[in-house]
Amino acid sequence: MGGNPKFMQQAIQLATENVTSGRGGPFGAVVVKDDVLIATGSNQVTSSNDPTAHAEVVAIRNACAALGTFQLDGCDVYTSCEPCPMCLAALYWSRCRTIYFGNNREDAAKAGFDDSFLYSEVTKPLEERTIPILCLLPEEALESFHVWDSSPFKVNY
Ligand SMILES: [Zn+2]
C-alpha cells in the first residue's frame, strides 16, 4: 500500500518535462498494474485546446486503450499532484485500486492552479454555485433512463 517511489519519480519527471518542452502545465501521471507501467499522461490542456486534458485523465484514457477496457481494476495511479475534483471523479469512475499523489492541493493553489476553489464549489448547494446550474425538462429527460433499463445494449459500469 505504500506505493513504489520509482513510479512517483516517473510522474514527477513527466510533469517537469511537460513544462520544459512547452507542452502544458506541470502535471504528470502514470498507471501501474502488478508493478508494471501500463500508461503515462501529462497535462495537455493548452497544447490540445482541451480543458479536460489533465494528466490523470490523459493517463486513464491511455491505460484503458492499452488494456482494452473501460475500467482500471487492480491498477494504481501515481500523479505528481493531488487530483482536482474532475480527475478524482474520473479516477473513481475508472475503479482504480490506489491513488498516490506528490504535491497537494495547497501546493497547486500556490502555483496558480486553484483546485481548492473547485473542492469548495462541489460541496455547495446548486443555487450557491458560481456557474448557474438549472434543472430543465426533468420528465422528458427520464425517457433515456427508461430506454436504458430495458436496452439489450445495457452494460453496467
Ligand atoms: Zn485534474
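Residues numbered from 1 in each chain as written. Predicted model: local features only at pLDDT ≥ 70, side-chain atom pairs only at ≥ 80, totals over all residues. Heavy atoms only, no water.

1. Comments concerning the side chain of asparagine 43
Next up, step 1: Relative to the assigned elements, asparagine 43 resides in the loop between strand S2 (36-42) and helix H2 (45-48).
Next up, step 2: Note on asparagine 43: relative accessible area 7%, which makes it buried.
Next up, step 3: Among the polar contacts listed, one links the side chain of asparagine 43 to the backbone nitrogen of valine 45, at a separation of 3.2 Å.
Next up, step 4: Setting aside residues up to four positions removed in sequence, asparagine 43 forms contacts with Asn18, Arg23, Gly24, Gly25, Phe27, Ala53, His54 and Ala55. (Helix = DSSP H or I, 4+ residues; strand = E, 2+ residues; numbered from the N terminus. Buried < 20%, exposed > 50% of the residue type's maximum accessible area, 1.4 Å probe, protein only. Polar contact = N/O pair within 3.5 Å; in protein donor to acceptor, adjacent residues only side chain to side chain. Contact = heavy atoms within 4.5 Å.)

2. Some details on the coordination of the zinc ion
Next up, step 1: Each protein donor to the zinc ion is listed here as His54 (ND1), Cys84 (SG) and Cys87 (SG); together their distances run 2.0 to 2.3 Å.
Next up, step 2: Here the donor residues of the zinc ion share one chain and are spaced in sequence as H-x29-C-x2-C. (Donors = N, O, S within 2.8 Å, 3.2 Å for Na, K, Ca; no water.)

3. Section: the packing of aromatic side chains
Working definition: an aromatic ring pair is given by the centre-to-centre distance plus the angle between the planes.
Next up, step 1: In total, this model carries 5 aromatic pairs according to the counting rule given.
Next up, step 2: Centroid distance phenylalanine 7 to tyrosine 78: 5.5 Å. Interplanar angle 50°. Geometry classified as tilted. Note that phenylalanine 7 is positioned in helix H1 (residues 5-20) and tyrosine 78 in strand S3 (residues 75-81), a separation of 71 residues in sequence. Both residues of the pair, phenylalanine 7 and tyrosine 78, count as buried.
Next up, step 3: Between phenylalanine 70 and tyrosine 157, the ring centres sit 6.2 Å apart and the planes meet at 75°, which makes this aromatic pair edge-to-face. Highlighted residues: phenylalanine 70 in the loop between helix H3 (55-67) and S3 and tyrosine 157 in the segment after helix H7 (138-149), separated in sequence by 87 residues.
Next up, step 4: Residue class for tyrosine 157 comes out exposed when judged on its relative accessible area of 61%.
Next up, step 5: A network of ring pairs unites the aromatic residues Phe7, Tyr78 and Tyr100 as a single cluster.
Next up, step 6: Taking NZ or CZ as reference, arginine 105 lies 3.8 Å from the ring centre of tyrosine 119, over its face. (Phe/Tyr/Trp six-rings, centres within 6.5 Å; stacked < 30°, edge-to-face > 60°. Lys NZ or Arg CZ within 6 Å of the ring centre and 35° of its normal.)

4. Some thoughts on the environment of leucine 88
Next up, step 1: Structurally, leucine 88 is set in helix H4 (residues 85-94).
Next up, step 2: The partly exposed category is assigned to leucine 88, whose relative accessible area is 27%.
Next up, step 3: In sequence terms leucine 88 and valine 57 are 31 residues apart; their C-alpha atoms lie 9.4 Å from each other.
Next up, step 4: Not counting residues within four places of it along the chain, the set of residues in contact with leucine 88 comprises Pro83, Ile99 and Tyr119.

5. With respect to the pairing of S2
Along any regular strand, the residues point their side chains to alternate faces of the sheet.
Next up, step 1: The pairing of strand S1 (residues 28-33) with S2 spans 6 bridges and is antiparallel. Bridging from a neighbouring strand, alanine 29 pairs with glycine 41 of S2.
Next up, step 2: Counted between consecutive antiparallel strands, the loop separating S1 from S2 contains 2 residues, among which aspartate 34 sits at a positive phi close to 50°. (Pairing = 2+ DSSP bridges.)

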